[in-house]
Amino acid sequence: MEVGPNDCLVSRFPDADLLDARDLLIVPGFVDAHIHTYGVLAHGMPVSGVPDSFEGFLKRFWWPQVEDRLDREMIRAAFRLTCANLIRSGVTSLCDVLEAPLIPDGTLDILAEELEAAGLRAVLSVEASERHGVESGARALAENVRFVRACRGEDRLRGMISLHTSFTCSAPFVESAKDCATALGCDLHLHLSESEYEPRECAIRYGTRPVFWYDRIGVWDPTVLASQVVAVEDDEIRLLAERGVRVAHMPLSNCEVGGGIAPVPRMLECGLRPGLGSDGYITDMFQIMRGAFLLHKGAGRDPRVLPAPTVLAMAGVWGAAAIGFAGLGELKPGHPADLIGVSMEFATPLTQANVADQIVVHGDAVGVDLVVADGRVLLSGGELIREDIDRLRHCVREQAARLWRVVEHG
Ligand SMILES: [Zn+2]
């Protein structure tokens, strides 16, 4: 409703509840622009042999041993713990994509229930692909359509149409997903060129690169969110920027799967404004920001790229725009009260000029003392208000043990 000095606010709103945030730096809540909350179940999971490539990672590990074995109990427990961990690192909004093609319809309703209990803001979807056949793909699309409609009128919750990739979705399938999104007036999400595998496959199947293939089908416009965007060439980046496509960047998970390093400095030069995501891998937003801040300097041998204010924008206002929650990420009257209070106990003085550096380079999730989402306090004094983290961890350990056992025996 208002932003201003303490005294003015207290005299204008004498009856309002007062939150003591003295000695805290007030920052807009972070946005995880691309996450798979179920991913926590695979943290430390035993794998027989390290996959030799990105496609090996998917085909021999992630698809058969994780995605295709998930059940509702696992998904629910993982979602709730991940939400709690996100809150602890200052995240107030997330864009979660459930990749579980064999799960029954209606699972998004369970996540919506848990989201409401956690108090966060989210875009939720199930990933649609034809990996398990045409029917399974159509079912996932229909589930997204149902959920988008069910979320109408909600402030903190939205659905979207979510696709996997050009190597798991045919042109007619992508076209039907685009038609659904257009008819509903909702966003369309897809994973784009997470490694060289997708451009290589696309060249074999269609004789072109993925960005041009999607362009041929008429997919690109400002309602589309492309996540990953690692193995893209210069003319592809320029086309994405020209079409106003939104992008999400996952610096740490791109490394995990050996996908490469996304050309983010070039995206910025072309006018793209990427959000920052965890991909469900390392979900601490401070570590992700630090990854983005350092990785591109090292890769490009240029200390000038991705300065701290840019990285902070990626974790906040740009991420919010990327997931379609415009208005978040800025502390202004009329904007939602999604904010965090970060301890100002830095080793050196905090100044107007170095505030982004102090947060991005020297900040830490341990310093997050206060989290408010939509005006509701979720963390205070560094403690979660609504969650018992030990209980949530216990639940996930049980569910992870079930998943791992299935794998070991299956
Ligand atoms: Zn992903």
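The coordinates are above.
Keep in mind the model is a prediction, meaning the values are calculated, not measured.

Roughly 1300 Å³ of volume is contained in the largest pocket. Around the largest pocket, the lining comprises 29 residues; the ones closest to its centre are Glu-2, Leu-9, Asp-17, Leu-19 and Leu-339. The greatest single-element share of the lining of the largest pocket, amounting to three residues, is contributed by helix 1 (residues 6-12). There is about 530 Å³ of room inside the second largest pocket. Forming the boundary of the second largest pocket are 29 residues, of which Phe-57, Phe-61, Trp-62, Glu-256 and Val-257 lie nearest the centre. Where the lining of the second largest pocket is concerned, the elements lending two or more residues are helix 2 (54-66) and helix 10 (251-256). Top contributing element to the lining of the second largest pocket by residue count: helix 2, with five residues. The residue makeup of the lining of the second largest pocket, split by class, is 13 nonpolar, eleven polar and five charged.

Turning to the coordination of the zinc ion, a few remarks are in order. Taken together, the protein ligands of the zinc ion are His-34 (NE2), His-36 (NE2), His-191 (NE2) and Asp-279 (OD), with distances of 2.0 to 2.5 Å. The site at the zinc ion holds four donor atoms, and with the angles between them running 86 to 165°, its shape is irregular. Note on Asp-279: relative accessible area 12%, which makes it buried.

This next bit is on the pattern of salt bridges. In total, this model carries 32 salt bridges according to the counting rule given. Between Asp-109 and Arg-146 there is a salt bridge, with its nearest N and O atoms 3.2 Å apart. Remark: Arg-146 occurs in helix 5 (residues 134-150) and Asp-109 occurs in helix 4 (residues 107-118); sequence separation between them is 37 residues. The salt bridge involving Asp-234 is made with Arg-266; its shortest N-O contact spans 2.5 Å.

As a further point, take the pairing of strand 12 (residues 339-343). Of all five residues in strand 12, four are buried; the element is thus mostly enclosed. Note: strand 1 (residues 24-28) against strand 12, five bridges, orientation antiparallel. Across the sheet, Pro-28 pairs through a bridge with Leu-339, a residue of strand 12. Here strand 12 runs beside strand 13 (residues 368-373); their pairing, made up of four bridges, is antiparallel. Bridge pairing in strand 13 places Val-342 opposite Val-368.

Calculation rules
- Residues numbered from 1 in each chain as written.
- Predicted model: local features only at pLDDT ≥ 70, side-chain atom pairs only at ≥ 80, totals over all residues.
- Heavy atoms only, no water.
- 1 Å grid on protein atoms, 1.4 Å probe; cavity = no way out; pocket = protein on both sides within 12 Å on 5 of 7 lines; lining within 4 Å.
- Points joined across faces, edges and corners; volume = space filled by probe spheres on them.
- Helix = DSSP H or I, 4+ residues; strand = E, 2+ residues; numbered from the N terminus.
- Nonpolar A, V, L, I, M, F, W, Y, C, P; charged D, E, K, R; others polar.
- Donors = N, O, S within 2.8 Å, 3.2 Å for Na, K, Ca; no water.
- Tetrahedral: all angles 85-135°; square planar, octahedral: opposite > 155°, others 65-115°.
- Buried < 20%, exposed > 50% of the residue type's maximum accessible area, 1.4 Å probe, protein only.
- Salt bridge = Lys/Arg side-chain N within 4 Å of Asp/Glu carboxyl O.
- Pairing = 2+ DSSP bridges.

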